[in-house]
Amino acid sequence: MIAWVAAHNDPASYGQVSVFDFPRASNVFGPQQIEALIAQNKDISQQITLWGQVGSKVILGNLLVVPLQDSAQNNELLYVEPVYLQASSNGLPVFQKVILGTPTQIVWGDTLQDALNQIYAGQGTTAPTGGSPSPGASGSPGHRARPARPLSRRLKEERRRLCPASR
């Protein structure tokens, strides 16, 4: 990913555009790379397969890419994707889990708070090394996992802002 762009919708800055240009030398995962990391997560993929059996349909919501403070300089992004389950007898999807990711960790929880707590504790599955994953790629025994790096100060501050109860 080379940039992240957002249009403001608040009254004071309505219509203004914010752009985070990532440095050319950096490798910032885009949505497809994060989706590949999610698909490679054994726990998540097994549960999604189980839920997607006869009579149910798993719906992955829109993957949100959330830049954290000073992301343009530090490339710190948080990826958020809701997971819904829809029964064939009922057309209404029901929220089941939320997947939360960083370039080094993928977790899922029953709530955003739960997933943030897991990321904060370093409980996520670590991403394979060896370059950016490609969509549909699967982990092999030759891949080594990177150790989960501790959260940056900015990510901790963002966690406190999003989930005040976690203080």
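Before any of the text, the structure's been laid out above.
Fair warning: this is a prediction, and the values are worked out from it, not measured in the lab.

Attention now goes to the side chain of Q86. Here Q86 is to be found in strand β5 (residues 77–87). Overall, Q86 belongs to the buried group, its relative accessible area being 16%. A distance of 2.5 Å separates a polar side-chain atom of Q86 from the backbone oxygen of G91.

Looking now at the pairing of strand β6 (residues 94–101). Two elements, β5 and β6, share seven bridges in a ladder whose sense is antiparallel. Across the sheet, residue L85 finds its bridge partner in β6, namely V94. Counting the residues between successive antiparallel strands, the hairpin from β5 to β6 contains six residues. In this structure, β6 lies alongside strand β7 (residues 105–109), joined through four bridges in antiparallel fashion. Following the sheet pairing, I99 is matched in β7 by W108. Between β6 and β7, which pair antiparallel one after the other, the connecting turn spans three residues.

Let us now look at the environment of Q32. Of note, Q32 is situated in helix α1 (residues 31–40). Residue classification places Q32 among the exposed residues on the basis of a relative accessible area of 55%. Considering only alpha carbons, one finds Q32 and L63, 31 residues apart in sequence, at a separation of 9.7 Å.

About the criteria used
- Residues numbered from 1 in each chain as written.
- Predicted model: local features only at pLDDT ≥ 70, side-chain atom pairs only at ≥ 80, totals over all residues.
- Heavy atoms only, no water.
- Helix = DSSP H or I, 4+ residues; strand = E, 2+ residues; numbered from the N terminus.
- Buried < 20%, exposed > 50% of the residue type's maximum accessible area, 1.4 Å probe, protein only.
- Polar contact = N/O pair within 3.5 Å; in protein donor to acceptor, adjacent residues only side chain to side chain.
- Pairing = 2+ DSSP bridges.

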